[in-house]
Amino acid sequence: MALSDTKAKALKAREKKYLEADEKGLYLEVKPNGTKRWVFRFRLHEKRCDLALGIYPDVGLAEARRARDEARKHVAAGIDPRDVKRARKESALETARNSLAAVSEEWFAAKMAHLSKSSKDRARRALDSDLLPYLGKRPIADITPPEVLRCLRRIESRGALETAHRVKRVASQIFRFAVATGKADRDPTTDLTGALKPTKKKHLAAITDPVEVGKLMVAIEGYQGTPVVRTALKLSPLLFCRPGELRKLEWVEVNWEARQIEIPAEKMKMGEPHIIPLAEQSLTLLRELQPLTGHGKYVFPSARGQSRPLSDNGVRTALRSLGYDNDTMTAHGFRAMARTLLDEILGFRVDYIEHQLAHGVKDALGRAYNRTKHLPQRAEMMQKWADYLDNLRKQTNAGNVITAQFGT
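Below is a summary of the structure that appears in this document.

Quick look at the packing of aromatic side chains now. Under the defined criterion, the tally for this structure stands at six aromatic pairs. On the basis of an interplanar angle of 20° and a centroid distance of 5.4 Å, the ring pair of Phe 40 and Phe 42 is categorised as stacked. Of the two residues, Phe 40 and Phe 42, neither departs from the other in class, the shared state being buried. By way of ring pairs, the aromatic residues Phe 240, Trp 385 and Tyr 388 are connected into one cluster. Directly above the ring of Tyr 27 sits Arg 41, whose terminal nitrogen or CZ lies 5.9 Å from the centroid. It is Arg 154 that lies over the ring of Tyr 134; its NZ or CZ is 3.9 Å from the centre.

For the rest of this paragraph, the subject is the sheet that holds strand S5 (residues 254–255). One open sheet accounts for three strands, arranged S5-S6-S7; its pairing is antiparallel. Looking at strand neighbours, the two that pair on one side only are S5 and strand S7 (274–277), the edges of this open sheet. Two strands pair when backbone bridges link them, and strand S6 (residues 260–263) and S7 are joined in this way by four bridges, in the antiparallel orientation. Across the sheet, residue Glu 262 finds its bridge partner in S7, namely Ile 275.

This next bit is on empty space enclosed by the protein. Taken as a whole and judged by the stated rule, the model has one cavity of 30 Å³ or more. Of the voids in this model, the largest cavity is the one considered here, and its volume is about 100 Å³. Lining the largest cavity we find Ser 236, Cys 241, Pro 243, Leu 246, Arg 247, Leu 310, Ser 311, Asp 312, Val 315, Arg 316, Ala 331 and Phe 334. Taken together, the elements giving at least two residues each to the lining of the largest cavity come down to helix H10 (243–247) and helix H12 (314–321).

Here we take up helix H8 (residues 210–221). Given a rise of 1.5 Å per residue, 12 residues ought to cover 16 Å, and the 16 Å separating the end C-alpha atoms of H8 matches this to within 8%. Buried within H8 are the following residues: Pro 210, Val 213, Gly 214, Leu 216, Met 217, Ala 219 and Ile 220. Buried residues along H8 sit against helix H5 (117–135), helix H9 (227–239), H12, helix H13 (333–344) and helix H15 (375–398). At the N-terminal end of H8, a side-chain oxygen is found 2.8 Å from the backbone nitrogen of Val 211, two or three residues along, and the residue is Asp 209.

Let's shift gears to H15. Its 24 residues place the ends of H15 34 Å apart at the C-alpha level, agreeing with the 34 Å of an ideal helix rising 1.5 Å per residue. If you check which residues of H15 are buried, you get Leu 375, Arg 378, Met 381, Met 382, Trp 385, Ala 386, Tyr 388, Leu 389, Asn 391, Leu 392, Arg 393 and Gln 395. Positive backbone phi, approximately 80°, marks Gly 399, located one or two places after H15.

So, about the layout of surface pockets. By volume, the second largest pocket amounts to about 380 Å³. As for the second largest pocket, its lining consists of 19 residues, of which Glu 221, Lys 234, Leu 238, Gln 281 and Leu 285 are closest to the centre. Secondary-structure elements contributing two or more residues to the lining of the second largest pocket are H8, H9, helix H11 (280–293) and H15. Of the residues contributing to the lining of the second largest pocket, the split by class is 10 nonpolar, three polar and six charged.

Time to look at the packing of H9 against H11. The geometry of H9 relative to H11 is characterised by a closest axis approach of 10 Å and an angle of 160° between their N-to-C directions. If you check the angle between H9 and H11, you find them roughly antiparallel. Crossing hand, H9 versus H11: left-handed. Together, Pro 227, Val 228, Thr 231, Lys 234, Leu 235, Leu 238 and Leu 239 of H9 and Gln 281, Ser 282, Leu 285, Leu 286, Leu 289, Leu 292 and Thr 293 of H11 make up the contact between the two elements. Per-class residue counts for the contact of H9 with H11 are nine nonpolar, four polar and one charged.

Time to look at the nonpolar core. Across soluble globular proteins, you tend to see nonpolar side chains buried next to one another. Grouped together as the largest cluster of nonpolar side chains are 58 residues, with contacts concentrated most on Leu 216, Phe 300, Met 337, Leu 342 and Trp 385. When near neighbours in sequence (up to four residues on either side) are disregarded, Leu 216 contacts Ile 207, Leu 319, Tyr 324, Met 329, Phe 334 and Met 337.

Cut-off values and rules
- Residues numbered from 1 in each chain as written.
- Predicted model: local features only at pLDDT ≥ 70, side-chain atom pairs only at ≥ 80, totals over all residues.
- Heavy atoms only, no water.
- Phe/Tyr/Trp six-rings, centres within 6.5 Å; stacked < 30°, edge-to-face > 60°.
- Buried < 20%, exposed > 50% of the residue type's maximum accessible area, 1.4 Å probe, protein only.
- Lys NZ or Arg CZ within 6 Å of the ring centre and 35° of its normal.
- Pairing = 2+ DSSP bridges.
- Helix = DSSP H or I, 4+ residues; strand = E, 2+ residues; numbered from the N terminus.
- 1 Å grid on protein atoms, 1.4 Å probe; cavity = no way out; pocket = protein on both sides within 12 Å on 5 of 7 lines; lining within 4 Å.
- Points joined across faces, edges and corners; volume = space filled by probe spheres on them.
- Expected span 1.5 Å × (residues − 1).
- Contact = heavy atoms within 4.5 Å.
- Polar contact = N/O pair within 3.5 Å; in protein donor to acceptor, adjacent residues only side chain to side chain.
- Nonpolar A, V, L, I, M, F, W, Y, C, P; charged D, E, K, R; others polar.
- Axes fitted to C-alpha atoms, helices over the stretch in contact; angles between N-to-C directions.
- Parallel < 35°, antiparallel > 145°, perpendicular 65-115°, else oblique.
- Left-handed = near helix turned anticlockwise from the far one by under 90°.
- Core = buried A, V, L, I, M, F, W, Y, C linked by side-chain atoms within 4.5 Å.

Dropping the structure here:
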């Protein structure tokens, strides 16, 4: 009598292993420890042979019968189904050895070892976040241009255009490595020229390498200018608002109780009011400056008079005095620095970042930017960002290798 799933489940272990017959050579072997294994018994070349078909219940009755039927066909053709199983296992191992994941690790070990930690971290993130979860198990020789493009489109969809182009470059290097080592015939990314949206042209220099950001934070900490310019310089990376919004900031716009800056619409580029949550570090800087300029209108008044805000050359000149010219870092570059590292290093959602940058963000219904959108998450992001910058500065001061990842 053939087995049923109910009967198979009910079979109990005995002192010695035993076989419970199904039909057409299929048995369920029950071991003393309770493990149940499907076995197909057949005769080939006048010898009795056993073929293991999997552990029950991982392999169910119906699946075991299908495997048995396939094995019976091989036996009828004079082929040992055990040889077929071994060949398939070896083929699977070979596929795994030549998968995108496996070749990526070979490439990483061979080509990235001599590069900086920040470069290795970026390549690692490109692999672990945007390539391997989708294509890692695929044989590298079989991956097609449309498959790679789908990965890149996912990155584009979250607004990270520069990251999409960077991931494409990393993928291309891996495919070319595979060609050189005989594991692929060509680089499919060559067919994607022009397929991605172009990145916006950068007119203003910005530092986005964590190692260099750490050095910049050390330089800013050591700046010896006037208290007004020194505080404006220190707040520039922490707040990453537009330089004009920072230098024209008024004390009335600092909401101490809510721990945020509230800039009215008429002072904003997009014509919408904007909120900047204040990290503890930012609050400390403002509290220290308040006794000096709090009696006037502007947080950062001009040296020529309290009635005028700080010159637009204030922070720029401070950067230049620290050795950062306009081709290296600008006051506006702190925005690009935050935009890149919050996305690529700290992993915050792009819409949180874009809202905090006061860009023209629209939701799925086409509704325009709302100054209070994601405000709790943005406040958390601003504190994590300030802590990250502190971490880079401290590690640079200590002479340690900078850790790009800093918990979000």
